[in-house]
Amino acid sequence: MVNKQKIKFTTEVVRGLCPECEQNTVLVSFVPDFFRCTLCGNDLKQHINGKISYLPITVSSDKPPLL
Ligand SMILES: [Zn+2]
(Lines give C-alpha, C1' and ligand atoms only; values in the text may rest on other atoms or scores of the structure.)
Protein backbone atom coordinates (compact mmCIF):
# COMPACT_ATOMS: atom_id res chain seq x y z
CA MET A 1 0.00 0.00 0.00
CA VAL A 2 1.38 3.31 -1.01
CA ASN A 3 -0.07 6.51 0.22
CA LYS A 4 0.02 8.94 -2.60
CA GLN A 5 0.33 12.50 -1.62
CA LYS A 6 -2.07 14.69 -3.42
CA ILE A 7 -0.66 18.00 -4.46
CA LYS A 8 -3.21 20.65 -4.91
CA PHE A 9 -2.58 23.52 -7.21
CA THR A 10 -4.69 26.40 -6.23
CA THR A 11 -4.44 29.74 -7.85
CA GLU A 12 -4.92 32.57 -5.45
CA VAL A 13 -5.32 36.13 -6.56
CA VAL A 14 -4.75 38.95 -4.16
CA ARG A 15 -4.29 42.67 -4.39
CA GLY A 16 -1.15 44.08 -2.93
CA LEU A 17 1.68 46.49 -3.21
CA CYS A 18 4.48 45.10 -5.28
CA PRO A 19 7.89 46.06 -3.88
CA GLU A 20 9.46 45.69 -7.29
CA CYS A 21 7.39 47.98 -9.44
CA GLU A 22 5.91 49.82 -6.44
CA GLN A 23 2.44 49.63 -7.83
CA ASN A 24 -0.79 48.56 -6.31
CA THR A 25 -1.24 45.51 -8.38
CA VAL A 26 -2.70 42.05 -8.58
CA LEU A 27 -0.58 39.22 -7.27
CA VAL A 28 -1.22 35.69 -8.39
CA SER A 29 -0.21 32.74 -6.25
CA PHE A 30 0.45 29.37 -7.82
CA VAL A 31 2.06 27.78 -4.78
CA PRO A 32 1.57 28.71 -1.13
CA ASP A 33 3.49 31.76 0.05
CA PHE A 34 4.70 32.66 -3.40
CA PHE A 35 3.10 35.31 -5.49
CA ARG A 36 3.77 36.71 -8.91
CA CYS A 37 3.16 40.29 -9.78
CA THR A 38 0.98 40.50 -12.84
CA LEU A 39 2.39 43.89 -13.66
CA CYS A 40 6.14 43.36 -13.71
CA GLY A 41 6.19 39.56 -13.51
CA ASN A 42 8.47 39.39 -10.49
CA ASP A 43 8.10 36.56 -8.04
CA LEU A 44 7.40 37.59 -4.49
CA LYS A 45 7.37 35.72 -1.24
CA GLN A 46 4.67 36.41 1.24
CA HIS A 47 5.88 37.34 4.67
CA ILE A 48 3.54 37.43 7.57
CA ASN A 49 4.77 39.03 10.73
CA GLY A 50 1.98 41.07 12.17
CA LYS A 51 1.20 42.35 8.74
CA ILE A 52 1.30 40.89 5.30
CA SER A 53 3.98 42.09 3.03
CA TYR A 54 5.55 40.84 -0.11
CA LEU A 55 9.24 40.55 -0.62
CA PRO A 56 10.91 39.96 -3.92
CA ILE A 57 12.54 36.60 -4.33
CA THR A 58 16.18 36.98 -5.05
CA VAL A 59 17.23 34.28 -7.40
CA SER A 60 20.88 33.85 -8.06
CA SER A 61 21.13 33.45 -11.76
CA ASP A 62 24.06 31.29 -12.62
CA LYS A 63 22.63 30.49 -15.98
CA PRO A 64 23.51 32.69 -18.89
CA PRO A 65 20.57 34.40 -20.53
CA LEU A 66 18.94 32.49 -23.33
CA LEU A 67 20.01 33.65 -26.71
ZN1 LIG B 1 5.46 44.33 -9.73
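Below or above, wherever it landed, is the structure these notes cover. (Residues numbered from 1 in each chain as written. Predicted model: local features only at pLDDT ≥ 70, side-chain atom pairs only at ≥ 80, totals over all residues.)

### A few points about the overall build of the protein chain
Alright, step 1. A count of helices and strands for the protein chain gives 0 helices and 5 strands.
Alright, step 2. Reading the protein chain from its N end, one meets helices and strands in the order β-β-β-β-β.
Alright, step 3. Taking all contacts inside the protein chain whose residues are at least 6 apart in sequence as the whole, residues at least 24 apart take part in 13%. (Helix = DSSP H or I, 4+ residues; strand = E, 2+ residues; numbered from the N terminus. Contact = placed C-beta atoms within 7 Å.)

### Observations concerning the nonpolar core
Alright, step 1. Residues Cys 18, Leu 27, Phe 35, Cys 37, Leu 44 and Tyr 54 constitute the largest nonpolar core, which totals 6 residues.
Alright, step 2. The residues contacting Cys 37, other than those within four sequence positions of it, are Cys 18, Glu 20, Cys 21, Thr 25, Leu 27, Asn 42 and Leu 44. (Core = buried A, V, L, I, M, F, W, Y, C linked by C-beta atoms within 7 Å. Buried ≥ 20, exposed ≤ 12 C-beta atoms within 10 Å, placed from the backbone.)

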